[in-house]
Amino acid sequence: MSETVTVTVGHTLGKAEAIRRIKDGLLRTSGHLGAMVLIDQESWEGDTLHLRIRALHQTATARVQVLEDALRIEVSLPLLLAKAAKVLLPILRKEATLLLEKKK
């Protein structure tokens with residue numbers, strides 16, 4: 001049994017620049033989003049990133065749709081992670097925002 005949650009993260013970068021920054025950011029993170037989330041698998045299909053992620057010894061899938069002015073992130077969580085969503089969603093939102101930020 002799983003539950004799907006959706007998070008939207010706004011940006012002003014345009015679609016192409018947002019995709020570039022996400023790709024660069026994922027390379028910098030070495031497969032980690034915060035201390036609790038590990039990316040097992042990632043693949044791109046057009047403007048959509050598909051991820052398989054692990055947190056708290058559970059596996060979830062995510063779909064990140066890159067829009068002109070936002071990221072639409074849908075995460076399908078197993079029951080245990082769905083219960084922890086209040087903790088995980090702010091981490092997901094923060095890490096997505098950090099991936100979009102310009103690094104100097």
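Keep in mind it's a predicted model, so treat the numbers as computed, not measured. (Residues numbered from 1 in each chain as written. Predicted model: local features only at pLDDT ≥ 70, side-chain atom pairs only at ≥ 80, totals over all residues. Heavy atoms only, no water.)

1. Concerning the pattern of salt bridges
Here's step 1: This model, assessed by the stated rule, comprises eight salt bridges.
Here's step 2: Here Arg 20 ties to Glu 17 by a salt bridge, and the two come within 2.6 Å at their closest N and O atoms. One end of the pair is Arg 20 and the other is Glu 17, both in helix 1 (residues 15-29) and three residues apart, which spans about a single turn.
Here's step 3: A residue is classified by how much of its surface remains accessible, and Arg 20, at 39% relative accessible area, is partly exposed.
Here's step 4: Notably, a salt bridge pairs Arg 52 with Asp 40, separated by 3.9 Å at the nearest N-O pair. (Salt bridge = Lys/Arg side-chain N within 4 Å of Asp/Glu carboxyl O. Helix = DSSP H or I, 4+ residues; strand = E, 2+ residues; numbered from the N terminus. Buried < 20%, exposed > 50% of the residue type's maximum accessible area, 1.4 Å probe, protein only.)

2. Re the confidence of the model for the protein chain
Here's step 1: Here the protein chain averages 84 in pLDDT, while 89% of its residues score no lower than 70.
Here's step 2: Averaged over each element, pLDDT in the protein chain is lowest for strand 2 (residues 32-33) (70) and highest for strand 5 (residues 58-66) (92). (pLDDT = per-residue confidence, 0-100.)

3. Focus on the nonpolar core
Here's step 1: In terms of nonpolar packing, the biggest core is built from 27 residues, with Leu 71, Ile 73 and Val 75 touching the most fellow members.
Here's step 2: Elements supplying a minimum of two residues to this core: strand 1 (2-10), helix 1, strand 3 (37-45), strand 4 (48-55), strand 5, strand 6 (70-78), helix 2 (79-83) and helix 3 (85-100). (Core = buried A, V, L, I, M, F, W, Y, C linked by side-chain atoms within 4.5 Å.)

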